[in-house]
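Read off the chains here:
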Amino acid sequence: MTVAASAGRSVATEVSAAPARAGVSSLKILGIGVPLAYSLVFFAAPLVFLVVLGFWLVEDFQVVPAFSLENYLDIAQHMFAKSNYALAIAQSLWVSLSTAFFAVLLCFPMVLAIVYVAPPSRHRLLLMLAVAPFWSSYVLRLFSWQILLANKGIINSALAWAGFENLQISLIYTQVATRIGLIHYLAPILIVVLYVTVANIDRDLIAAARDLGATRWQAFRRVILPMSRTGLVISTSFAAIVSFGDVLSGALLGGGAGRSFLGSVPLFSNMIMSEYASSTNLPRTAALAMILVLVMVLMLAGGAAVAERSKVEAG
């Protein structure tokens, strides 16, 4: 009787577990299928169309499906002459890399203050305040910066009112203004990424370093900084990629171009938008956009390689 009862309970358990497994399986399929479908429809499909469009031609002001390298060959001929796309790409790299450096340099001390200075009970509040800029439109924030940075904007008007006319500066339509807009956009994301990195550092290691006689600076340099290296690399790579592909900050704050040691050369993303607005050759614009995407992919690959190496070195 005991064996029979046990067998009956086993069969009943398996029968009741079967619907549960079916439910979990359906949930897994739904959880994987929805993000996959979203990525295919809104990311992969437009990207594939952009790649294909770059090989099409324009005849009699109409796009003709074809497979031709004419657009890429024409771009290659103007890479170092006339349009000078190579210099525009170099200008964009300079702006994006320097923006990423200053953005991380600004956000990392803020994260250290949140993690090690503020009480743990205030961390969520401070993070919420850090991401508060995302509650407003990116374009609205850029127009706000226009009001602040204009030659007769709020900052210069306040300096003039205070009697510091000599300290008035012209920032609007410069690369400095472009970087300010980009940093304002990137800061909330970088703070969250760096917070996750720094908050997960074992505090016992810091305490051990202090017990062994290390100063606060030595504990930071030998414990916190090395263990934050991966997060710093990821944050820098992300900031550089977003800055390289951004159009709005360069257009609204930088005027599409800005003077640097490379000269007054427009950013590559703004150059693409200008050609799109002034030309009917959409396939050629698509080819330019693919070059932009290719550079961003190379930056992503380089950042991932550096992050993986830093992760290995950190142990």
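Residues numbered from 1 in each chain as written. Predicted model: local features only at pLDDT ≥ 70, side-chain atom pairs only at ≥ 80, totals over all residues. Heavy atoms only, no water.

**Some details on the overall build of the protein**
Along the protein, the regular secondary structure elements total 13 helices and four strands. In summary, the protein has a C-alpha radius of gyration of 27 Å against a globular reference of 20 Å for 315 residues, an excess of more than 25%. Its C-alpha atoms give the protein principal-axis dimensions of roughly 95 × 65 × 40 Å. Buried residues in the protein amount to 36% of all 315 residues. For the protein, the computed accessible surface area is about 18,900 Å², with 71% contributed by carbon and sulfur atoms. (Helix = DSSP H or I, 4+ residues; strand = E, 2+ residues; numbered from the N terminus. Rg over C-alpha atoms; globule rule 2.2 N^0.38 Å. Buried < 20%, exposed > 50% of the residue type's maximum accessible area, 1.4 Å probe, protein only. Areas by Shrake-Rupley, 256 points an atom, 1.4 Å probe, with all protein chains shown as cover.)

**Here's the deal with empty space enclosed by the protein**
This structure, assessed with the given rule, holds two cavities of 30 Å³ or more. Computed from the structure, the second largest cavity encloses a volume of approximately 30 Å³. Residue lining of the second largest cavity: Leu148, Leu149, Ala150, Ile155, Asn156, Ile169 and Leu171, and that is the complete set. (1 Å grid on protein atoms, 1.4 Å probe; cavity = no way out; pocket = protein on both sides within 12 Å on 5 of 7 lines; lining within 4 Å. Points joined across faces, edges and corners; volume = space filled by probe spheres on them.)

**Structural notes on helix H9 (residues 216-227)**
In a regular helix each residue adds 1.5 Å, so twelve residues correspond to 16 Å; H9 covers 15 Å between its end C-alpha atoms and thus fits that length. Buried within H9 we find Ala219, Phe220, Val223 and Ile224. Around the axis of H9, the buried residues are gathered within 120° of arc, so they sit on the same side. Of the exposed residues in H9, those oriented more than 90 degrees away from the buried face are Trp217 and Arg222. Where H9 is buried, its residues contact helix H3 (85-116) and helix H8 (203-211). (Expected span 1.5 Å × (residues − 1). Arc of directions from axis to C-beta. Contact = heavy atoms within 4.5 Å.)

**Observations regarding H8**
Because each turn of an α-helix spans 3.6 residues, side chains separated by three or four positions end up pointing in the same direction. The residue sitting at the N-terminus of H8 and contributing the capping side-chain oxygen is aspartate 202; that oxygen lies 3.0 Å from the backbone nitrogen of aspartate 204. Of the residues flanking the end of H8, it is glycine 213, one or two places downstream, whose phi is positive at about 100°. (Polar contact = N/O pair within 3.5 Å; in protein donor to acceptor, adjacent residues only side chain to side chain.)

**Observations regarding the nonpolar core**
With 48 residues, the main nonpolar core has Ile75, Tyr85, Phe108, Val111, Leu190, Ile191 and Phe268 as its most contacted residues. Sort the elements by how many residues they give to this core and H3 lands first, with 13 residues. Leu142, Leu171, Ala177 and Leu182 belong to the second largest nonpolar core, which has eleven residues in total. (Core = buried A, V, L, I, M, F, W, Y, C linked by side-chain atoms within 4.5 Å.)

**Some points on unusual backbone geometry**
Of note, aspartate 60 is a non-glycine position whose phi angle comes to about 55°, a positive value. By the secondary structure assignment, aspartate 60 is in the loop between strand E1 (57-59) and strand E2 (62-64). Overall, the relative accessible area of 71% leaves aspartate 60 in the exposed class. Non-glycine residue phenylalanine 61 carries a positive phi angle of around 65°. Assignment of secondary structure puts phenylalanine 61 in the loop between E1 and E2.

**Section: the packing of H3 against helix H12 (residues 268-278)**
Two elements in contact, H3 and H12, have axes whose closest approach is 7 Å; the angle formed by their N-to-C orientations is 130°. Between H3 and H12, the angle falls in the class oblique. Every residue of H12 that contacts H3 at Tyr85, Ala88, Ile89 and Ser92 is listed here: Phe268, Ser269, Met271 and Glu275. Looking at the contact of H3 with H12 residue by residue, the classes come out as five nonpolar, two polar and one charged. (Axes fitted to C-alpha atoms, helices over the stretch in contact; angles between N-to-C directions. Parallel < 35°, antiparallel > 145°, perpendicular 65-115°, else oblique. Nonpolar A, V, L, I, M, F, W, Y, C, P; charged D, E, K, R; others polar.)

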